[in-house]
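Below, each chain spelled out in residue letters.
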Amino acid sequence: MRTKDGGYVFLVGAGPGDPGLITVKGLEALRQAEVVVYDYLTNAELLKETRPDAEFIYVGKRGGQHTLSQEEINQLLVEKAQAGKTVARLKGGDPFVFGRGGEEAMALAEAGVPFEVIPAVTSAVAAPAYAGIPVTQRGLASSFAVVTGHEDPTKAELAIDWKYLARGVDTLIFLMGVGNLPEIVARLMEHGRPPETPAALVRWGTTPRQETVVGTLADIAEKVEAAGLRPPAVTVIGQVVNLREHLRWYDRKPLFGKRVLVTRSREQASVLSRRLRELGAEPVELPAIAFQPPEDYTPLDAAIRHIHQYDWIIFTSTNGVRAFMERLWTLGWDARSLARVKLAAIGPATAAALEQYHLRADYMPDQYVAEAVAAGIGDVSGQRILLPRTDIARPALAIALREAGAIVDEVTAYRTVLAEVVQESVPTGGLVSPTSEDVRQMLAENQIDVVTFTSSSTVRNLVALLGDAELLRGALIVCIGPITAGTAREVGLRVDVVAEEYTVDGLIEVLTRESGALDGVPS
Ligand code: SAH
């Protein structure tokens, strides 16, 4: 039973790698944990779901060495719980499938620490599934077994019954079996499994780094050796492997396996990252910009106090909407004070931000650049227009409006600053949550396929963060629109692709269309 103040341990399965494959219950446990104990196979993406004050303890391997022994991990869980903490012990895949979760539960039970187990999607089934291999199939396989490929030779009584396995089970799935693959296939053939039985290894299944090698019992070990395939991988043996030919889906996604640098602010990155992940890409988030309140609120506050004097407010970004509405609220007002002023939104995301406050844009231009707005909004001669924006906004819109006879007040609603990348890089199995130094290295080694820019400030600040524009040479450079592209060229970058619709969707669309070009990025 869970008591109010007592410690508690959730043995949580994190799923096989794709962060979307954690269970709802697992995510809830992670969100309430005060201490998160995680290891090598945990996707760093999931660690973002924790409370800001959560303590992270990495107990995985570092440079091949275990940071803590199993004994020490058990002890750590007991100690943290006894100190009254809510602990999430996050384990790759399912906690009770070869994860030594049973041993951890045993230690907790012995110490009288209350715990619960949150089962999860195991890599044994999910990695084959993402490779297009169902572990059972009518007419082909009516049983499957999950077997360790790393049997401890000292546990004589647990030794695998190869004779039965080879002939008695349709689909065989080995975890931790890369190193012993030659012995495993030899044993199976020795005990009567035909050499022509299809076999596959799936490495880093359910992640954009997924790699699959297909063969037969007779030649799979050789093929894996030739491909240089390393752990972690799941080995699948049986007729179902042939289905991959028809059912392959994940590694056919348009951006599968591409590493894409996302330079937006931390808050804005997630939308783009999610879309990239849906297309099979691996987003690498290095926020180049961050947002801060204005240094001086006086101009914004004055504009809000005199809001009834304006004919229009033109919002040019979602941040502008949020900063303005939050300040309005802080000053003791609400949306009713906007009753008589017309609202314009540049771009659908800005319009959507207004909708979150139940406000409808009266005008949204077809083209999401400043110049088109002044032309499209109608006769503004003599009209008072408020532009709540970032401190570094381009003057073009105000100039065009003034030329058309409007009286324009530009006020700083928020500031765009160079992001300080303070967070430490999280040690996991390379599923990245990087620092600028990590990104610099990835770029230098040509490990980033695409760099995305969603505003001029992301361009300038990324170059400032990296200290060298040359590093971006090897990647495909994609810009959200012509202004951003112009800035990129100004700082000496080669722009490869510019979105036709200046939105995240537009950017994703051209990127998908150009994905063919990715295999031969100019350098
Ligand atoms: N509890 C985990 C298994 C832990 S044992 C689960 O249920 O998935 C570790 C082994 O799991 C690795 O050696 C590898 O064989 C397999 N494994 C875990 N994640 C994997 C992944 N994303 N792709 C391929 N194999 C994986």
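Residues numbered from 1 in each chain as written. Predicted model: local features only at pLDDT ≥ 70, side-chain atom pairs only at ≥ 80, totals over all residues. Heavy atoms only, no water.

**Some thoughts on the overall build of the protein chain**
- In terms of regular secondary structure, the protein chain is built from 19 helices and 22 strands.
- Seen through its C-alpha atoms, the protein chain measures out along the principal axes to roughly 90 × 55 × 45 Å.
- Burial statistics for the protein chain: of 523 residues in total, 51% are counted as buried.
- Sequence separation of 24 or more characterises 67% of the internal contacts of the protein chain that already satisfy a separation of 6 or more. (Helix = DSSP H or I, 4+ residues; strand = E, 2+ residues; numbered from the N terminus. Buried < 20%, exposed > 50% of the residue type's maximum accessible area, 1.4 Å probe, protein only. Contact = heavy atoms within 4.5 Å.)

**Quick word on the confidence of the model for the protein chain**
- Summary statistics for the protein chain give a mean pLDDT of 91 and a share of 93% for residues scoring 70 or more.
- For residues 428-432, every residue scores under 50 in pLDDT, and the model assigns this stretch 20 contacts once sequence neighbours within four places are set aside. (pLDDT = per-residue confidence, 0-100.)

**A word on the site of the ligand**
- The ligand sits among 17 residues. The nearest are Asp94, Val97, Thr122, Ser123 and Gly205.
- Here Thr122 contributes a side-chain N or O atom positioned 2.7 Å from an oxygen atom of the ligand.
- Between Met176 and the ligand, the recorded distance is 2.8 Å, taken from a backbone N or O atom to an oxygen atom.
- Among the domains, domain 1 (8-120) and domain 2 (125-252) are the pair contributing at least three residues each to the shell around the ligand. (Near = heavy atom within 4 Å. Polar contact = N/O pair within 3.5 Å; in protein donor to acceptor, adjacent residues only side chain to side chain. Domains from an automatic or database assignment.)

**Re a nonpolar patch on the surface**
- Among the surface-exposed residues, Phe98, Val125, Phe144, Val146 and Met176 lie close enough to one another that they form a single nonpolar patch of about 390 Å² accessible area.
- When its relative accessible area of 39% is taken as the criterion, Phe144 is described as partly exposed. (Patch = residues over 30% accessible without salt bridge, like charges linked within 9 Å, V, L, I, M, F, W, Y side chains within 5 Å. Areas by Shrake-Rupley, 256 points an atom, 1.4 Å probe, with all protein chains shown as cover. Salt bridge = Lys/Arg side-chain N within 4 Å of Asp/Glu carboxyl O.)

**With respect to helix H16 (residues 436-444)**
- Those residues of H16 that sit buried are Ser436, Val439, Met442 and Leu443. On an axial view of H16, the arc spanned by its buried residues comes to 115°, and they lie on one face.
- Buried-residue contacts for H16 involve strand E13 (259-262), strand E14 (282-285), strand E20 (450-453) and helix H17 (456-466).
- Of the residues trailing H16, Asn446 is marked for its positive phi of about 55°. (Arc of directions from axis to C-beta.)

**Considering the sheet that holds strand E6 (residues 86-91)**
- Strands sit in the order E3-E2-E6-E1-E7 across an open sheet of five strands; the sheet is parallel. Because the sheet does not close on itself, it has two edges, and the strands there are strand E3 (55-58) and strand E7 (115-118). On average, each strand axis in the sheet is tilted by 15° relative to the strand beside it, whichever way the strands run.
- When strand E2 (residues 35-38) meets E3, the two strands line up parallel, connected through four bridges. Its bridge partner being in E3, Val36 is matched across the sheet by Phe56.
- Sheet contacts for helix H4 (residues 101-111): strand E1 (8-13), E6 and E7; angle to E1, the most-contacted strand, approximately 170°. (Pairing = 2+ DSSP bridges. Axes fitted to C-alpha atoms, helices over the stretch in contact; angles between N-to-C directions.)

**As for helix H13 (residues 348-355)**
- Taken residue by residue, H13 has Thr350, Ala351, Ala353 and Leu354 as its buried positions. Along H13, the residues classed as buried sweep out an arc of 155° about the axis, all on the same side.
- Looking at the buried side of H13, the elements it contacts are strand E16 (312-315), helix H12 (318-330) and strand E17 (342-345).

**A look at the packing of aromatic side chains**
- As enumerated under the stated definition, the model contains eleven aromatic pairs in all.
- Arranged with centres 5.4 Å apart and planes meeting at 85°, the rings of Phe291 and Tyr414 form a pair that is edge-to-face. Residue Phe291 is found in strand E15 (residues 289-292), and its partner Tyr414 is found in strand E19 (residues 407-418); the two are separated by 123 residues along the sequence. One exposure class covers both Phe291 and Tyr414, and it is buried.
- An aromatic cluster is built from Tyr130, Trp249, Tyr250 and Phe256, whose rings are joined through pairwise contacts.
- Over the ring of Tyr297 we find Arg327; its NZ or CZ atom is 3.6 Å from the centre of that ring.
- In this arrangement the basic side chain of Arg384 is found over the ring face of Tyr310, its NZ or CZ atom lying 5.5 Å from the centre. (Phe/Tyr/Trp six-rings, centres within 6.5 Å; stacked < 30°, edge-to-face > 60°. Lys NZ or Arg CZ within 6 Å of the ring centre and 35° of its normal.)

**Quick look at the domain arrangement of the protein chain**
- In terms of domain boundaries, the protein chain breaks down into domain 1 (8-120), domain 2 (125-252), domain 3 (259-288 + 420-518) and domain 4 (295-415).
- Computed over C-alpha atoms, the centres of domain 1 and domain 3 are 32 Å apart.

**Considering the pairing of E19**
- Alignment of E15 against E19, held across four bridges, turns out to be antiparallel. Within E19, the residue paired with Phe291 across the bridge is Thr416.
- As defined by bridge partners, strand E18 (residues 384-390) adjoins E19 across seven bridges and the pair is classed as parallel. Residue Ile385 lies in a different strand from E19, and its bridge partner there is Val408.

**Focus on unusual backbone geometry**
- The step from Pro231 to Pro232 runs through a cis peptide bond, and the omega angle for that step is 0°.
- Its place among the elements puts Pro232 in the loop between helix H8 (220-227) and strand E12 (233-237).
- Despite not being glycine, Phe98 has its phi angle at roughly 50°, a positive value.
- Mapped onto the elements, Phe98 comes out in the loop between E6 and H4.

**Describing the nonpolar core**
- Among the nonpolar cores identified, the biggest contains 26 residues, and Ile313, Phe324, Leu338 and Leu386 are the most heavily contacted of them.
- When residues of this core are assigned to their parent elements, the largest contribution, five residues, is made by H12.
- Discounting residues that sit within four places of it in the chain, Leu338 has contacts with Ile307, Ile313, Phe324, Met325 and Leu359.
- By size, the runner-up hydrophobic cluster in this structure holds 25 residues, among which are Val459, Val463, Leu471 and Val495. (Core = buried A, V, L, I, M, F, W, Y, C linked by side-chain atoms within 4.5 Å.)

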